[in-house]
Amino acid sequence: MVKVNLKGCDSFVKEADYQKYVEKALVAYDVLDKETGAGNDFLGWKALPDGTPESLIKECEAVRDDWKARGVNLVVVIGIGGSYLGARTALEALNHQFIQDPAKPRVVFAGNNLSEEYLAEMMDLAEKSSVACIVISKSGTTTEPAVAFRIVKEHIEQRYGKKEAADRIVAVTDAARGALKTLSTQEGYRTFVVPDNVGGRFSVLSPVGLLPICVAGYDVRAMLKGAAAAKAQVSVRNADNPAVQYAAMRNLQYFELGKKVEVLVTYNPRFMFLGEWWKQLFGESEGKDGKGIYPASANFTTDLHSIGQFIQDGDRCMFETVVSIEKSNRSVVIGSDEQNLDQLNYLAGQNVEHCNAMAALGTKLAHIDGGVPQIEISIERVDEFYIGQLFYFFEAACGISAYLLGVNPFNQPGVEAYKKNMFALLRKPGYEAQTEEILKRL
């Protein structure tokens, strides 16, 4: 189960203040549980762990098996924000970090940026591969994924013909409307539905995340089972609820101690993209109405040799949340060396992960002594079950925390501002009137 350890905050907070924020978090928990708060029409994610039908999983597996039979060895997943971050987080955590399993397709991601070089180099890979595509967009008109899909779709159609292309393209989109849904109907693409009541950053346990993870060869049933276990764990209204504990402590840090930055830390490079997914989840959910904790992330011990200096000795604006893994899936033992020129023989016979754990403990003490409170969130190991637990835990904690903060967790009004300026500068029909005004400001 997900565990939350708050002892790293003991020297910074008073127990009475923490209990006060637990009570506030329980009030916010009630708002989320009873679905009475702002954005309550986007709470469908709560039902995904134990409400996903077996038929949906079998449809995902049918795509996987069909593409395997066709010899597909490269799957391009097109989407931005929540349409790709959850799946990428899972695959970065589960994939071998250096060797591509020949029995599984390579999965790459596009549509999450507008870099010409990125797209060109991805298409270099596509030219040498047997390609299929999962395009994820509710509307089909979001600029970044729409640009990428137009390019990938053209490649697949020219290379395999329209009929074969229809079998190599799958859309995850709205059930009934939008440009991508219309195109899917016209071209005969297999489609999966983005539920109307599930927002993008809460969608990893829907077909948005499940389909790419399944096609990549991983066990989505285990992931849903882990999420269901976390749901049971955080669906109890008491002070031992880990989502309540996390939400209470992070808001105490913000309101009482003036901590404006939360750094999500991992000691395993497999979880670097967990930080990216978490930053979107909390940043887009809480950063509004002039409020919110700025979400940052770091990977230790690597970043201890860079921004570690700032965390240890810079402005005391931050606290840390460390995601720790109790058991390694692999074993590497440090050997003995007769010359001992590197002076490491004192570590001979130790597992590398033991050194990693001691580095984490040493860093915890150093940062606490330097004025940085620390929350620890731990899971047993990295696999589909425990990744599913983390996904649901953080989603529930985010909902509670945002309601405690006093904002709507499920909207993102600020995201639209850059789009309007971009459309005017690109002279998109309907935005021409703003173009000259914007150009004068540049």
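Before going into details, it helps to say that this report is about the structure given with it. (Residues numbered from 1 in each chain as written. Predicted model: local features only at pLDDT ≥ 70, side-chain atom pairs only at ≥ 80, totals over all residues. Heavy atoms only, no water.)

Another point: the overall build of the protein. Looking only at helices and strands, the protein has 16 helices and 10 strands in total. At 23 Å, the protein has a C-alpha radius of gyration in line with the 22 Å of a compact globule built from 442 residues. When the backbone C-alpha atoms are referred to their principal axes, the protein occupies close to 65 × 60 × 50 Å. When the accessible surface of the protein is summed, it comes to about 20400 Å², and 52% of that surface belongs to carbon and sulfur atoms. (Helix = DSSP H or I, 4+ residues; strand = E, 2+ residues; numbered from the N terminus. Rg over C-alpha atoms; globule rule 2.2 N^0.38 Å. Areas by Shrake-Rupley, 256 points an atom, 1.4 Å probe, with all protein chains shown as cover.)

A general feature of soluble globular proteins is that nonpolar side chains tend to end up buried together. Counting residues in each nonpolar core, the largest one holds 99 residues, and the members touching the most others are Trp45, Phe271 and Phe394. The greatest single-element share of this core, amounting to 15 residues, is contributed by helix H14 (residues 384-405). If sequence neighbours within four positions are ignored, Phe394 has contacts with Tyr246, Leu264, Trp277, Trp278, Leu281, Phe282, Val323 and Ile377. Counting residues in each nonpolar core, the second largest holds 23 residues, with Ile78, Phe149, Ile156 and Ala166 among its members. (Core = buried A, V, L, I, M, F, W, Y, C linked by side-chain atoms within 4.5 Å. Buried < 20%, exposed > 50% of the residue type's maximum accessible area, 1.4 Å probe, protein only. Contact = heavy atoms within 4.5 Å.)

Between its terminal C-alpha atoms helix H10 (residues 242-255) stretches 20 Å, which fits the 20 Å expected from 14 residues at 1.5 Å a residue. A large share of H10 lies buried, amounting to 13 of its 14 residues. For H10, the N-terminal cap is Asn241; the gap from its side-chain oxygen to the backbone nitrogen of Ala243 is 2.9 Å. (Expected span 1.5 Å × (residues − 1). Polar contact = N/O pair within 3.5 Å; in protein donor to acceptor, adjacent residues only side chain to side chain.)

Moving on, we get to the environment of Arg88. Looking at where Arg88 falls in the secondary structure, it is placed in helix H4 (residues 85-94). C-alpha separation for the pair Arg88 and Asp65, spaced 23 residues apart in sequence, amounts to 21 Å. The residues contacting Arg88, other than those within four sequence positions of it, are Phe109, Tyr118 and Phe273.

The next thing to look at is the sheet that holds strand E5 (residues 169-173). Two orientations exist for strands paired in a sheet by backbone hydrogen bonds: parallel and antiparallel. A sheet is described by the order of its strands in space; here 5 strands give the open sequence E3-E2-E4-E5-E6, paired in parallel fashion. The open sheet has two free edges, formed respectively by strand E3 (106-110) and strand E6 (190-193), since each of these has just one partner strand. On average, each strand axis in the sheet is inclined to that of its neighbour by 20°, with strand direction left out of account. The pairing of strand E2 (residues 74-78) with strand E4 (residues 131-136) spans 5 bridges and is parallel. Considered in E4, the bridge of Val76 is made with Cys133. Along the sheet, helix H8 (residues 207-215) makes contact with E2, E4, E5 and E6, crossing E4 at roughly 165°. (Pairing = 2+ DSSP bridges. Axes fitted to C-alpha atoms, helices over the stretch in contact; angles between N-to-C directions.)

Right, let's get into the layout of surface pockets. Of the pockets and cavities examined, the largest pocket occupies roughly 1200 Å³. Residue lining of the largest pocket: 43 residues in total, with Tyr267, Asn268, Ser328, Glu353 and Asn356 positioned closest to the centre. At the level of secondary structure, the elements contributing two or more residues to the lining of the largest pocket comprise strand E1 (3-5), H4, strand E9 (318-325), helix H13 (352-369) and strand E10 (374-379). The leading source of residues in the lining of the largest pocket is H13, at 11 residues. Looking at the lining of the largest pocket residue by residue, the class counts come to 19 nonpolar, 15 polar and 9 charged. One number sums up the size of the second largest pocket: a volume of about 980 Å³. Taken together, 36 residues line the second largest pocket, and the ones lying closest to its centre are Ile80, Thr142, Gly200, Gln412 and Lys419. If you list the elements that add at least two residues to the lining of the second largest pocket, you get helix H6 (143-168), helix H11 (272-286) and helix H15 (416-425). (1 Å grid on protein atoms, 1.4 Å probe; cavity = no way out; pocket = protein on both sides within 12 Å on 5 of 7 lines; lining within 4 Å. Points joined across faces, edges and corners; volume = space filled by probe spheres on them. Nonpolar A, V, L, I, M, F, W, Y, C, P; charged D, E, K, R; others polar.)

One pass over the structure, following the stated rule, counts 18 aromatic pairs. Centroid distance Tyr267 to Phe300: 5.6 Å. Interplanar angle 75°. Geometry classified as edge-to-face. Of this pair, Tyr267 sits in the loop between strand E7 (261-266) and H11 while Phe300 sits in the loop between strand E8 (294-299) and helix H12 (308-313), placing them 33 residues apart in sequence. Per residue, the accessibility class of Tyr267 equals that of Phe300, and both read buried. Where Trp278 meets Phe282, the ring centres are 5.6 Å apart and the plane angle is 40°; that geometry is what we call tilted. Residue Trp278 and its partner Phe282 are both found in helix H11; the two are separated by 4 residues, about one turn of the helix. The exposure class of Phe282 is buried, given its relative accessible area of 0%. (Phe/Tyr/Trp six-rings, centres within 6.5 Å; stacked < 30°, edge-to-face > 60°.)

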